[in-house]
Number of protein chains: 2
Amino acid sequence: MSVVAKALALLEHFSIQTPELGLSRLTRLAKRDKATTYRHLVALQELGFIEQNPETKAYRIGPAVLHLAEVREKTVPRRDGALAPLQRLADATGETAHASILSGPTLHTLVSCEAQAHSIRAVIDLQKLPLHATASGICTLAFGPADLLEAAKADMARFTAHTATDPAALAEVVGTAQGSGFGRSERGLEDDIYGFAAPLFDQTGQLAGAVAVASVASRVTEDLTRLIYQELIIASREITHSWGGSVPAAIEALWADTLATFKQKDLAP
Amino acid sequence: MSVVAKALALLEHFSIQTPELGLSRLTRLAKRDKATTYRHLVALQELGFIEQNPETKAYRIGPAVLHLAEVREKTVPRRDGALAPLQRLADATGETAHASILSGPTLHTLVSCEAQAHSIRAVIDLQKLPLHATASGICTLAFGPADLLEAAKADMARFTAHTATDPAALAEVVGTAQGSGFGRSERGLEDDIYGFAAPLFDQTGQLAGAVAVASVASRVTEDLTRLIYQELIIASREITHSWGGSVPAAIEALWADTLATFKQKDLAP
DNA sequence: AACATCGGTTCATATAGTGAACCAATAAGG
DNA sequence: CCTTATTGGTTCACTATATGAACCGATGTT
């Protein structure tokens, strides 16, 4: 890990829940030496990526990121295009919806929308989504670059008792996704949370990210699952379209098959 | 300069005009070794601050900054509060308006608004504003922390024939600002651009940034100057208010005096 | 075919980062 | 009032890490 990576990794500890962190606390969170952490903070501060609250001496994210985000979004608009479909997805399903972008080997959370329907709901507050333990990640492994699977196998941290931590289990869920067109994660990241995801594509025709719904386990029924799948398809088409891509026919075919199985079940009894 | 600083400084070369840069070009812009630049890019890429266009191999700002900007803005809202008053300022004056934030010893551009009134107008595309050569910078030196003057004197780069490059000249324009309540820069950063700025304050009561109007030199008359001053006062009050601060009485008094001199001149002939 | 780009890699060299120990300041506890 | 445990910040011997000239293969121009 380079110094640059170590320093920038400090930024990941700041969140909406904990926007300001003191030196000691951050040192503990980052599990690094205090002097090192301090020097990194000073370096980040010089560039405006961190600023210090002059009253409390605590550190927070600085203004430099605002300009960068503006350049990025004006240049490669992703957030704007995802926002409206995501809102619709959250409203239609009554669950928390979020979209993520694949950049290199990591999946970055782009934006998340919470529905107002239930008082208990999933909250997405990770910047990076683990590939092996989230619906979005499994979806990415299923339809993204083949070499990602290696990267994912290298880091299979356990989050819950249900997290797939051996390559065989992972291969199985990825295979299921490749058969259905949807990624699923059942209590893989957190107990009581079910995830459902569909792939997103950009103008290059390659997978560019994923759109997902996170639902509370106790609410998940077959009816809700079907609704989520239907809405995920709509959201995926719209977001993919706004990113200048189109959903590959093969994926559309998988989706149609998966939805058909629900209809069959309806007719069965 | 630490490695962290060197690596992060690479990000400053990306702009709306040049959102993607190849390795060689970026190496030349940053005036550094190619191998070093490459390694820095790879490190930034790992963290999602940079991503590579898989088709052209060119680099661009990555998605990680989006999340950070969101955390920052949800936590310390600055952009949102400045946007509306800035738009109004641009419309009312017919010139380009922008706001900046002081973080440590540097002034970061927060957001800029261009008016539609004229086809020739100033464009703000710097992330960092030089303290000695811009109206905002002079305003910051006049009403901000006293030790900034030292930092400013340490780097007095020449941009035009009118740039103040010796401490005495700088002290004079800062003194003028302290007397009038407004920062001014006449062709200091670019030929043909006049800048006018007013200070901004936050909940701590300290200077937190500046709001400014950049006008094309040929359009600047006494009438326009007065209009700009009047509108700057309104914008400064509004932005300062939305940042949880209030304009100090001493500044308000300076502004009142400055506007009074215009009225006297009107009566004179 | 010769030359000039490009992105990316190698490896000896030496510069830059590291962290245990140390301050000074503040605050809680007895 | 003195002790103890925090806090943010600093020092300096040690060594891990960054550096850059030279190199590579690919692509593009003349």
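All values derive from a computational prediction rather than experimental measurement.

Draft legend 1. The arrangement of helix H3 (residues 34-46) of chain B in detail. Taking 1.5 Å of rise per residue, 13 residues should cover 18 Å, and H3(B) covers 18 Å from first to last C-alpha, within 8% of that figure. For H3(B), the complete set of buried residues consists of B:Thr37, B:His40, B:Leu41, B:Ala43 and B:Leu44. Projected down its long axis, H3(B) shows its buried positions confined to an angular sector of 160°, all on one face. Tucked inside the fold, the buried residues of H3(B) contact helix H1 (3-11) of chain A together with helix H1 (3-10), helix H2 (23-30), strand S1 (50-52) and strand S2 (59-61) of chain B. Capping the start of H3(B) is the job of one residue whose side-chain oxygen sits 2.8 Å from the backbone nitrogen of B:Ala35: B:Asp33. B:Gly48 sits one or two residues past H3(B) and shows a positive phi near 85°.

Draft legend 2. Inspection of unusual backbone geometry at higher detail. All names here are of chain B. Of note in this structure, lysine 31 is not a glycine but carries a positive phi near 55°. By the secondary structure assignment, lysine 31 is in the loop between H2 and H3. In this structure, lysine 57 is a non-glycine residue whose phi angle is positive, near 70°. Within the fold, lysine 57 resides in the loop between S1 and S2. With a relative accessible area of 58%, lysine 57 lands in the exposed category.

Draft legend 3. A look at the packing of helix H6 (residues 135-143) of chain A against helix H8 (residues 167-180) of chain A. Residue and element names in this part refer to chain A. For the pair H6 and H8, interaxial distance at closest approach is 8 Å and the crossing angle is 75°. Here H8 runs roughly perpendicular to H6, going by the angle between their axes. Each of Ile138, Leu141, Ala142 and Phe143 in H6 lies in contact with H8, whose residues at this interface are Leu170, Val173, Val174, Ala177 and Gln178. Along the lines of polarity and charge, the residues of the contact of H6 with H8 split into eight nonpolar, one polar and no charged.

Draft legend 4. Quick look at the protein's contact with DNA strand D. In the region of DNA strand D, 19 residues are neighbours, and A:Val3, A:Ser24, A:Lys34, A:Tyr59 and B:Asp33 sit closest. In DNA strand D, atoms within 4 Å of the protein come 64% from sugar and phosphate. In the environment of DNA strand D, a phosphate oxygen lies 3.3 Å from a nitrogen or oxygen atom belonging to the side chain of B:Thr36. Counting only elements with at least two residues in the surface near DNA strand D, the list comes to helix H2 (23-30) and helix H3 (34-46) of chain A together with H1 and H3 of chain B. Ranked by the residues each element gives to the surface near DNA strand D, the list is headed by H3(B), at four residues. A class-by-class count of the residues in the surface near DNA strand D yields seven nonpolar, six polar and six charged.

Draft legend 5. Focus on the relation of the copies chain B and chain A. Its rotation angle being 180°, the transformation that places chain B on chain A also includes 0.0 Å of axial translation and leaves an RMSD of 0.1 Å. Within this description, the copies of the chain are treated as partners about a two-fold rotation axis. Closest approach to the rotation axis within chain B is made by the C-alpha atom of B:Val4, at a distance of 2.4 Å. Same-surface contact between copies: 100% of interface residues of chain B are shared with the interface of chain A.

Draft legend 6. Quick peek at the nonpolar core. Core analysis: the largest hydrophobic core is formed by 158 residues, its most contacted members being A:Phe49, A:Leu232, B:Phe49 and B:Leu232. Those residues in contact with B:Phe49 that lie beyond four places of it in its chain are A:Leu8, A:Leu11, A:Phe49, B:Leu11, B:Leu44, B:Arg60, B:Ile61, B:Gly62, B:Ala64, B:Val65 and B:Leu68.

Draft legend 7. How the structure looks around the interface of chain B and chain A. Each partner contributes to the interface: chain B provides 53 residues, whereas chain A provides 53 residues. With both chains or domains summed, chain B and chain A bury close to 4500 Å², and 70% of this area falls on carbon and sulfur atoms. Our enumeration of links across chain B and chain A arrives at four salt bridges. For B:Arg72, the salt bridge goes to A:Glu51, with nearest N and O atoms at 2.8 Å. Put simply, chain B and chain A have eight residue pairs in polar contact (both at pLDDT 80 or more) between them. Elements supplying a minimum of two residues to the side of chain B that touches chain A: H1, H3, S1, S2, helix H4 (64-75), strand S3 (96-103) and strand S4 (106-113) of chain B. With 12 residues, the top contributor of residues to the side of chain B that touches chain A is H4(B). The residue makeup of the side of chain B that touches chain A, split by class, is 28 nonpolar, 13 polar and 12 charged.

Draft legend 8. Summary view of the sheet that holds strand S8 (residues 207-216) of chain B. Residue and element names in this part refer to chain B. With antiparallel pairing, six strands are arranged side by side in an open sheet as S5-S4-S3-S8-S7-S6. On the outer flanks of this sheet lie strand S5 (128-129) and strand S6 (183-186), each paired with one strand and no other. Here S4 runs beside S5; their pairing, made up of two bridges, is antiparallel. Its bridge partner being in S5, leucine 107 is matched across the sheet by leucine 129.

Draft legend 9. Examining the packing of helix H5 (residues 79-93) of chain B against helix H9 (residues 222-242) of chain B more closely. Residue and element names in this part refer to chain B. The geometry of H5 relative to H9 is characterised by a closest axis approach of 9 Å and an angle of 170° between their N-to-C directions. By the angle between their axes, H5 is roughly antiparallel relative to H9. Side by side, H5 and H9 meet where Gly81, Ala82, Pro85, Leu86, Arg88, Leu89, Ala92 and Thr93 of the first sit next to Leu224, Leu227, Ile228, Glu231, Leu232, Ile234, Ala235, Glu238, Ile239 and Ser242 of the second.

Draft legend 10. Summary view of the pattern of salt bridges. Tallying each qualifying case throughout the model produces 26 salt bridges over all chains. Two residues, B:Glu70 and A:Arg79, come together in a salt bridge whose shortest N-O distance is 3.1 Å. With B:Glu70 in helix H4 and A:Arg79 in helix H5 (residues 79-93), this pair bridges two chains. Residues B:Arg60 and B:Glu51 are paired through a salt bridge, measuring 2.9 Å at the closest nitrogen-oxygen approach.

Draft legend 11. Structural context of the domain arrangement of chain A. On domain assignment, one finds that chain A holds domain 1 (3-66) and domain 2 (76-267). Each of domain 1 of chain A and domain 2 of chain A has a C-alpha centre, and these two points are 31 Å apart.

Draft legend 12. View of the UniProt feature "domain: HTH iclR-type" (unreviewed entry) in chain A. Per the UniProt annotation, the sites labelled "domain: HTH iclR-type" (unreviewed entry) are residues 1-63 of chain A. Taken end to end, residues 1-63 of chain A comprises 48% helix and 10% strand; its first and last C-alpha atoms sit 26 Å apart.

What counts as what
Residues numbered from 1 in each chain as written. Chains lettered and ligands numbered in written order. Predicted model: local features only at pLDDT ≥ 70, side-chain atom pairs only at ≥ 80, totals over all residues. Heavy atoms only, no water. Helix = DSSP H or I, 4+ residues; strand = E, 2+ residues; numbered from the N terminus. Expected span 1.5 Å × (residues − 1). Buried < 20%, exposed > 50% of the residue type's maximum accessible area, 1.4 Å probe, protein only. Arc of directions from axis to C-beta. Contact = heavy atoms within 4.5 Å. Polar contact = N/O pair within 3.5 Å; in protein donor to acceptor, adjacent residues only side chain to side chain. Axes fitted to C-alpha atoms, helices over the stretch in contact; angles between N-to-C directions. Parallel < 35°, antiparallel > 145°, perpendicular 65-115°, else oblique. Nonpolar A, V, L, I, M, F, W, Y, C, P; charged D, E, K, R; others polar. Near = heavy atom within 4 Å. Least-squares fit on C-alpha atoms with pLDDT ≥ 70 in both. Core = buried A, V, L, I, M, F, W, Y, C linked by side-chain atoms within 4.5 Å. Buried area = accessible area lost by both parts, 1.4 Å probe. Salt bridge = Lys/Arg side-chain N within 4 Å of Asp/Glu carboxyl O. Pairing = 2+ DSSP bridges. Domains from an automatic or database assignment. UniProt positions renumbered as here; feature names shortened; annotations may be inferred.

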